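Chains, contacts and geometry: an overview
The lines below spell out each chain.
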Amino acid sequence: MEQVAFRQMKDGTQEEYVFLERLEDEFNQGLVDRLLRALRHLDNSLSGYQVSRLEHSLQSAARAEADGADEDMIIGALLHDLGDELAPYNHSQLAAAIIRPYVRGEVTWVVHHHGLFQKFYYAHHFGDDPNERDRYRDHPWYQSCVDFCERYDQAAFDPDYPTPPLEHFEPMLRRVFSRTPFDPAVIGEEHPLER
């Protein structure tokens, strides 16, 4: 079989769905390569900063690594702005959706909310509330997101910071994304993202 015969999913046979599942499994094996390409593409993305979006992402991950963060958080830092091009108004949520099957729930929550928490540093310039993040003050991962933004994100626009190349993080990225998706032993307890 080279392709299924059905035109509506409800008409598919077991044989067709087994065939599609095999193709999906083969396709998913290239996920890390697609993530690496997407990261490299950030080198020619949003301008105006002293570093490219790729350099910012690498520097965020390097800062997390230097701070002693675990691999989940380092990969969260590396991929936190991956959604900038396709979802400029909700890039945090797109990045969180990408990492969610492979990292603990805390990292997903932090990446999901970092865009809002980052407003602490600049919202006042636009007459907005820089403390909007405080609606999550009672959340168990609130401080983790505050720390992520302070240590790894808002500080990672320094062209002089010693930042390793993407290849430095590739083995770690491959390890994290080789995990069984949604393994409860990895993702642990998930808190509602909007809570």
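Residues numbered from 1 in each chain as written. Predicted model: local features only at pLDDT ≥ 70, side-chain atom pairs only at ≥ 80, totals over all residues. Heavy atoms only, no water.

1. Examining the overall build of the protein chain
- Counting its secondary structure elements, the protein chain contains 9 helices and 0 strands.
- Secondary structure elements of the protein chain, listed N to C terminal, follow the sequence α-α-α-α-α-α-α-α-α.
- Projected onto its principal axes, the C-alpha coordinates of the protein chain cover approximately 55 × 35 × 35 Å.
- Counting over 195 residues, the protein chain shows a buried share of 43%.
- Long-range pairs, those at least 24 residues apart, make up 68% of the contacts in the protein chain between residues at least 6 apart in sequence.
- Working note: accessible area of the protein chain is about 11,100 Å², and carbon and sulfur atoms make up 50% of it.
- In the protein chain, the 19 positive side-chain charges and the 36 negative ones have mean positions that sit 2 Å from each other. (Helix = DSSP H or I, 4+ residues; strand = E, 2+ residues; numbered from the N terminus. Buried < 20%, exposed > 50% of the residue type's maximum accessible area, 1.4 Å probe, protein only. Contact = heavy atoms within 4.5 Å. Areas by Shrake-Rupley, 256 points an atom, 1.4 Å probe, with all protein chains shown as cover. Lys, Arg positive; Asp, Glu negative; His and termini not counted. Charge placed at Lys NZ, Arg CZ, Asp CG, Glu CD.)

2. Notes on the pattern of salt bridges
- If you walk through the whole model with that rule in mind, you get 16 salt bridges.
- Between Arg-104 and Asp-70 there is a salt bridge, and its shortest N-O distance comes to 2.5 Å. Of the two residues, Arg-104 is situated in the loop between α5 (91-99) and α6 (105-118) and Asp-70 in the loop between α3 (53-66) and α4 (71-79); the sequence distance between them amounts to 34 residues.
- What makes Arg-104 partly exposed here is its relative accessible area of 22%.
- Between Glu-71 and Arg-175 there is a salt bridge; the shortest N-O distance is 2.4 Å. Pair noted here: Glu-71 is in helix α4 and Arg-175 is in helix α8 (residues 166-177), with a separation of 104 residues, a long-range link. (Salt bridge = Lys/Arg side-chain N within 4 Å of Asp/Glu carboxyl O.)

3. Here's the deal with the environment of Leu-31
- Topologically, Leu-31 is positioned in helix α2 (residues 31-41).
- Its relative accessible area of 22% is what places Leu-31 among the partly exposed residues.
- Among all residues touching Leu-31, those that are not within four sequence positions of it are Tyr-102 and Phe-177.

4. As for the packing of α4 against α6
- Interaxial distance between α4 and α6 falls to 9 Å at its minimum, and their mutual angle equals 20°. Looking at the two axes, α4 sits roughly parallel to α6. The two elements α4 and α6 cross, and the hand of that crossing is right-handed. Facing Asp-72, Met-73 and Gly-76 of α4, the residues of α6 in contact are Glu-106, Val-107 and Val-111.
- For the contact of α4 with α6, the residue count by class is 3 nonpolar, 1 polar and 2 charged. (Axes fitted to C-alpha atoms, helices over the stretch in contact; angles between N-to-C directions. Parallel < 35°, antiparallel > 145°, perpendicular 65-115°, else oblique. Left-handed = near helix turned anticlockwise from the far one by under 90°. Nonpolar A, V, L, I, M, F, W, Y, C, P; charged D, E, K, R; others polar.)

5. So, unusual backbone geometry
- For Phe-182, which is not glycine, the phi dihedral falls at a positive 60°.
- By the element assignment, Phe-182 lies in the loop between α8 and α9 (184-187).
- A relative accessible area of 41% means that Phe-182 is categorised as partly exposed.

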